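Structure assessment
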There are 2 protein chains.
Amino acid sequence: MADGGEPGTLRPGGRTARVREAVLRAAEDALTEEGFTGLDLADIARRAGVGKTTVYRRWGTVTGLVADLLADMAEQSSPRTETGSLLGDLTANARLVHRTLTDPRQGALFKALIAAATGDARTAAALHRFYDIRVREWAPCVRQAVERGEAPEGTDAQEVIRAVSAPLYYHLLISGGRLDEAVADRAAQAAAIAARSGVYVRQPAGG
Amino acid sequence: MADGGEPGTLRPGGRTARVREAVLRAAEDALTEEGFTGLDLADIARRAGVGKTTVYRRWGTVTGLVADLLADMAEQSSPRTETGSLLGDLTANARLVHRTLTDPRQGALFKALIAAATGDARTAAALHRFYDIRVREWAPCVRQAVERGEAPEGTDAQEVIRAVSAPLYYHLLISGGRLDEAVADRAAQAAAIAARSGVYVRQPAGG
DNA sequence: GCTCTAACGGGTCTGTGGTTCCGTTAGGGG
DNA sequence: CCCCTAACGGAACCACAGACCCGTTAGAGC
């Protein structure tokens, strides 16, 4: 009678964890191959080798499952490289994002995740959290540049990192142009120059 | 027996045109209010005051209808302003995009359109065409800046315009951060400085 | 290793988005 | 102004995603 809450919270070990893992991987595959529109929880259950009832009970809706997938993806982090210069670090970041988005599977997955987030507040929150974590991981390279004197005091490190990614996502989702490495390098250069010039200094002192 | 092609092509005037107009406006409203996910052709037909059979026959699928809506939107163009300086023109552009994306209805509509494009090639092509037209409309202000000597010869005007929009769309779709006017102004400043520095010169001559 | 019950899963039912059928309305050429 | 037929529209039909029921499996505490 007195249930503790959502299914999977009282006995999260063993089988439950295996099922979650299998379903999230299946969801990732399905999103990648079918896109967000062509998604079907029964198909995901089949891919994962679990009963579809389980998927409906644990996650309820497609967007709920995508939100959980994003939370899971947010856990895993890939460490960043350090080159010693702002432009070098931003270029490394831009090329990492570029590689991810141009990879056929990963690119399709991210497109689907972003599409899912446009239609559901919880999924959107999960997506924002995922990118917030990724941006925070790279922000230190901007702060180091400030310490080296490459960028002015008060520079918004996270905004600089976002500025590097933005043109790549714009090409992927909106303009549809060729997403070659030159686009990534230009994005890094533009962000580096703008950061050096103080464009990303918080609360500009009237100018 | 020998049909000429798609419905609506042989007798495109009068009633057919009125129906198309009503359905596209209804689709716009539905996309804005329900988002791409919660879209239903029967609901659109109801809103438009036409039979749902008509909508299915003329457009077939939701994505087909969205693609047609984008083609229709691409027709209407809003003229740009000219301020006399690159930064001024880019700021005007950034604020225009900012106003569009922060308007509750327009912002929701564009989110839905972009989401629709991620899942269907025809819709994606229509979206790319729409933005290509808008970008081309603003490109002249960059070319004028080149003539004035504000930016180096060979600057890719369209890429500069895209660089202005990119951070705004990144915030709207991905980071979820506050989309205030400062973001727009920073985007314009960053693009202007990068353009001046030659970041957007085509085929950089090694350097 | 026994028990209790959280969590899984096959099978069935149902609401609704999408299709088809066929009669009705109204462009547009003669 | 009349006719022909392109295009519209109501209604019945169908398939399938998602909800529900109830028996089965396997964590976790003693």
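Shown above is the structure to which this text applies.
Bear in mind that the values here come from a model prediction, so they are computed numbers and not experimental data.

Cut-offs and rules
Residues numbered from 1 in each chain as written. Chains lettered and ligands numbered in written order. Predicted model: local features only at pLDDT ≥ 70, side-chain atom pairs only at ≥ 80, totals over all residues. Heavy atoms only, no water. Helix = DSSP H or I, 4+ residues; strand = E, 2+ residues; numbered from the N terminus. Buried < 20%, exposed > 50% of the residue type's maximum accessible area, 1.4 Å probe, protein only. Areas by Shrake-Rupley, 256 points an atom, 1.4 Å probe, with all protein chains shown as cover. Lys, Arg positive; Asp, Glu negative; His and termini not counted. Charge placed at Lys NZ, Arg CZ, Asp CG, Glu CD. Expected span 1.5 Å × (residues − 1). Bend = angle between axes of the 7 residues up to and from the residue. Polar contact = N/O pair within 3.5 Å; in protein donor to acceptor, adjacent residues only side chain to side chain. 1 Å grid on protein atoms, 1.4 Å probe; cavity = no way out; pocket = protein on both sides within 12 Å on 5 of 7 lines; lining within 4 Å. Points joined across faces, edges and corners; volume = space filled by probe spheres on them. Nonpolar A, V, L, I, M, F, W, Y, C, P; charged D, E, K, R; others polar. Contact = heavy atoms within 4.5 Å. Buried area = accessible area lost by both parts, 1.4 Å probe. Salt bridge = Lys/Arg side-chain N within 4 Å of Asp/Glu carboxyl O. Axes fitted to C-alpha atoms, helices over the stretch in contact; angles between N-to-C directions. Parallel < 35°, antiparallel > 145°, perpendicular 65-115°, else oblique. Left-handed = near helix turned anticlockwise from the far one by under 90°. Least-squares fit on C-alpha atoms with pLDDT ≥ 70 in both. Phe/Tyr/Trp six-rings, centres within 6.5 Å; stacked < 30°, edge-to-face > 60°. Lys NZ or Arg CZ within 6 Å of the ring centre and 35° of its normal.

**Points about the overall build of chain A**
In terms of helices and strands, chain A carries 9 helices and 0 strands. Listing the helices and strands of chain A from first to last along the sequence gives α-α-α-α-α-α-α-α-α. The principal-axis extent of the C-alpha atoms belonging to chain A is close to 60 × 40 × 30 Å. In chain A, buried positions account for 49% of the 207 residues. When the accessible surface of chain A is split by element, carbon and sulfur atoms take 49% of a total near 9,900 Å². Each charge sign in chain A was given a centre, from 26 positive and 26 negative side chains, and these centres are 3 Å apart.

**Observations regarding helix H8 (residues 157-175) of chain B**
Residues and elements named next belong to chain B. For H8, built from 19 residues, the straight-helix expectation of 27 Å at 1.5 Å per residue is met to within 8% by its first-to-last C-alpha distance of 27 Å. Largest kink in H8: about 30 degrees, centred on Ser165, with the proline Pro167 one to four residues after it. If you check the start of H8, you find a side-chain oxygen 3.3 Å away from the backbone N of Gln158, and it comes from Asp156. Phi for Gly176, located one or two positions after H8, is positive at around 75 degrees.

**Quick word on the layout of surface pockets**
The computed volume of the largest pocket comes to approximately 530 Å³. Elements supplying a minimum of two residues to the lining of the largest pocket: helix H1 (14-34), helix H5 (86-102), helix H6 (104-118), helix H7 (121-147) and H8 of chain B. Of all the elements, H7 of chain B adds the most residues to the lining of the largest pocket, at 6 residues. For the lining of the largest pocket, a count of residues per class yields 12 nonpolar, 8 polar and 6 charged. Around the second largest pocket sit 21 residues that line it, and Leu96, Thr100, Phe110, Phe130 and Arg134 of chain A are the ones nearest its centre. In terms of residues, the lining of the second largest pocket owes the most to one element, helix H7 (residues 121-148) of chain A, which gives 6 residues.

**A closer look at the interface of chain B and chain A**
Taken together, the contact pairs 31 residues of chain B with 31 residues of chain A. Here chain B packs against chain A, burying approximately 3,000 Å² in sum over the two surfaces, 70% of which is carbon and sulfur. Together, Tyr170, Ile174 and Arg186 of chain B form the three largest contributors to the area buried by chain B at its contact with chain A, with a combined 22%. Seen at the junction of chain B and chain A, the total is 2 salt bridges. Connecting chain B to chain A are 4 residue pairs in polar contact (both at pLDDT 80 or more). Secondary-structure elements contributing two or more residues to the side of chain B that touches chain A are H6, H7, H8 and helix H9 (181-196) of chain B. It is H8 of chain B that provides the largest number of residues to the side of chain B that touches chain A, a total of 11 residues.

**A look at empty space enclosed by the protein**
Going through the model one piece at a time under the given rule, you end up with 3 cavities of 30 Å³ or more. When its volume is computed, the largest cavity comes out at roughly 120 Å³. Forming the walls of the largest cavity are 14 residues, and the residues nearest its centre are Ala163, Ala190 and Tyr200 of chain A together with Ala163 and Ala190 of chain B. Elements with a minimum of two residues in the lining of the largest cavity: helix H8 (157-175) and helix H9 (181-196) of chain A together with H8 and H9 of chain B. Across the lining of the largest cavity, the residue classes break down as 14 nonpolar, no polar and no charged.

**A closer look at the pattern of salt bridges**
Close approach of charged atoms allows side chains with opposite charge to pair. Residues and elements named next belong to chain A. Within this structure, the stated rule accounts for 40 salt bridges over all chains. The residue Arg25 makes a salt bridge to Glu21 at a minimum N-O spacing of 2.6 Å. Taken together, the residues span about one helical turn, with Arg25 and Glu21 both in helix H1 (residues 14-34) at a distance of 4 residues. For Arg25, a relative accessible area of 27% translates into the label partly exposed. A single salt-bridge network, built from bridges that share partners, covers Asp29, Glu33, Glu34, Asp43, Arg46, Arg47 and Arg105.

**Let's talk about the packing of H5 of chain B against H7 of chain B**
All names here are of chain B. Running from amino to carboxyl end, H5 crosses H7 at an angle of 165 degrees, the nearest separation of the two axes being 9 Å. In terms of orientation, H5 lies roughly antiparallel with respect to H7. Between H5 and H7 the crossing geometry is left-handed. Here Leu86, Asp89, Leu90, Ala92, Asn93 and Leu96 of H5 come into contact with H7, specifically with Trp138, Cys141, Val142, Gln144 and Ala145. Across the contact of H5 with H7, the residue classes break down as 8 nonpolar, 2 polar and 1 charged.

**A look at helix H6 (residues 104-118) of chain A**
Across its 15 residues, H6 of chain A extends 22 Å between first and last C-alpha, which sits within 8% of the 21 Å expected from 1.5 Å per residue. Those residues of H6 of chain A that sit buried are Gly107, Leu109, Phe110, Ala112, Leu113, Ile114, Ala115, Ala116 and Ala117 of chain A.

**What about the relation of the copies chain B and chain A?**
Structural alignment of chain B on chain A gives an RMSD of 0.0 Å, achieved by rotating through 180 degrees and translating 0.0 Å along the axis. In the structure described here, the two chain copies are related by an operation that fits a two-fold rotation axis. Closest approach to the rotation axis among the C-alpha atoms of chain B is made by Ala115 of chain B, whose C-alpha sits 2.2 Å away. Residue by residue, 100% of the interface of chain B is reproduced at the interface of chain A, so both copies engage with the same surface.

**Focus on the packing of aromatic side chains**
For the structure on display, the rule yields 12 aromatic pairs over all chains. Measuring from centroid to centroid gives 5.1 Å for Phe130 of chain A and Tyr131 of chain A, while their planes differ by 85 degrees, and the two rings are edge-to-face. Each member of the pair, Phe130 of chain A together with Tyr131 of chain A, is buried. Among the aromatic residues, those joined into a ring-pair cluster are Phe110, Phe130, Tyr131 and Tyr169 of chain A together with Tyr170 of chain B. Positioned over the ring face of Trp59 of chain A is Arg58 of chain A, at 4.8 Å from the centre of the ring.

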